[in-house]
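Each chain, written out:
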Amino acid sequence: VLINGVLLNAVMGAINYSFGLKNGGTPSGVYQPQDSAFSGSPASAIDWNSLGEKGREFVATAPSQATIETFAGQGSSKQPNRLYAGLKSAPTTQERVDLLIKELDRTGASKRQAVLIAIPTGSGGVNAKSVQSVEYLYHGDTTTLALQYSYLPSWLSFLTDQDKAREAGKTLTDGVYNWWSHLDPTSRPKLL
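Cut-offs applied
Residues numbered from 1 in each chain as written. Predicted model: local features only at pLDDT ≥ 70, side-chain atom pairs only at ≥ 80, totals over all residues. Heavy atoms only, no water. Buried < 20%, exposed > 50% of the residue type's maximum accessible area, 1.4 Å probe, protein only. Helix = DSSP H or I, 4+ residues; strand = E, 2+ residues; numbered from the N terminus. Pairing = 2+ DSSP bridges. Phe/Tyr/Trp six-rings, centres within 6.5 Å; stacked < 30°, edge-to-face > 60°. Lys NZ or Arg CZ within 6 Å of the ring centre and 35° of its normal. Contact = heavy atoms within 4.5 Å. Axes fitted to C-alpha atoms, helices over the stretch in contact; angles between N-to-C directions. Core = buried A, V, L, I, M, F, W, Y, C linked by side-chain atoms within 4.5 Å. Salt bridge = Lys/Arg side-chain N within 4 Å of Asp/Glu carboxyl O.

Section: the pairing of strand S3 (residues 142-147)
Of all the 6 residues making up S3, 6 are buried; the element is thus mostly covered by neighbouring parts of the structure. Side chains Thr142, Thr144 and Ala146 project from S3 onto one buried face, and the interleaved Thr143, Leu145 and Leu147 project onto a second face that is buried too. Where strand S1 (residues 81-85) meets S3, 5 bridges bridge the pair, whose relative direction is parallel. For Ala85, the partnering residue across the bridge sits in S3 and is Leu147.

Remarks on the packing of aromatic side chains
Any two aromatic rings considered together are summarised by their centre-to-centre distance and by the angle between their planes. Applying the stated rule across the entire model yields 3 aromatic pairs. Here Phe58 and Tyr84 contribute two aromatic rings whose centre-to-centre distance is 6.0 Å and whose plane-to-plane angle is 50°, an arrangement assigned as tilted. Note that Phe58 is positioned in helix H2 (residues 52-60) and Tyr84 in strand S1, a separation of 26 residues in sequence. Residue classification places Tyr84 among the buried positions, given a relative accessible area of 0%. Ring geometry for Phe71 versus Tyr136: centroids 5.1 Å apart, planes at 90°, classification edge-to-face. Linking Phe71 in helix H3 (residues 65-72) with Tyr136 in helix H5 (residues 128-137), this pair joins segments that are 65 residues apart in sequence. Over the face of the ring belonging to Trp180 we find Arg188, whose NZ or CZ atom lies 3.7 Å from the ring centre.

Observations regarding the sheet that holds strand S2 (residues 114-117)
The strand order across the open sheet formed by 4 strands is S1-S3-S2-S4, and the pairing between neighbours is parallel. A single partner strand is all that each edge strand has here, and the edge strands are S1 and strand S4 (190-191). When S2 meets S4, the two strands line up parallel, connected through 2 bridges. By the bridge assignment for S4, Ala114 is matched with Lys190. Helix-sheet contacts for H2 involve S1 and S3, and the interaxial angle to S1 is about 170°. The strands that helix H4 (residues 93-106) touches are S1, S2 and S3; relative to S3, the one it contacts most, it runs at about 170°.

A short note on the nonpolar core
Within the largest apolar cluster, 38 residues are counted, with the highest numbers of intra-cluster contacts made by Leu100, Leu104, Leu145, Leu172, Val176 and Trp179. Listing elements by their share of this core, those giving two or more residues are H2, S1, H4, S2, H5, S3 and helix H7 (162-181). Beyond its immediate chain neighbours, meaning those up to four positions away, Leu172 contacts Val97, Leu100, Ile117, Leu145, Ala146 and Leu147.

What to know about the pattern of salt bridges
Counted according to the given criterion, the structure contains 5 salt bridges. Glu135 serves as the salt-bridge partner of Arg82, at 2.9 Å between the closest nitrogen and oxygen. You can see Arg82 sitting in strand S1 and its partner Glu135 sitting in helix H5, a full 53 residues away along the chain. For Arg82, a relative accessible area of 0% puts it in the buried group. Classification of Glu135 as buried rests on a relative accessible area of 0%. Salt bridges linked by common partners bring Lys78, Arg112 and Asp141 together as one network.

Printed below as a string of structure tokens:
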């Protein structure tokens, strides 16, 4: 009881705290996007500083419309939307999901070809290559959204935060599906 209850909780609290401090950083070369297509932009209800390190990296490193146009062909591309809520964006998982649903409406995601739900790693990182493949396939006419559920790296999160991961994935998927299911079936985006 002492080891499992007190000692383990104290150690995990210290580890979580240290990774939480790292979450406050911003990777080199990453800057707040000014385009309203992104969470954390000046037009967004989600504050840039609340996204966390991995969230700031995710929204700020989306391919530009010009880059996608070089791949897709002249005049056939759009700037992909990237939406993200970090642990500090709102107090609860449901409130973070609610913010993301508002972001879907704010950015016009219902008029996109596809909406992609990306489940991040434990510390909030999103596999950029997987998301970019969808963005390029749809010529940028996409919205991708993700929700941070932990400060811990994946292996440690797997050992200690499995319930948080399941809750975040289910709450996000349910929220987005509910939003999507109320759109006109003849014109709504594909849900991926």
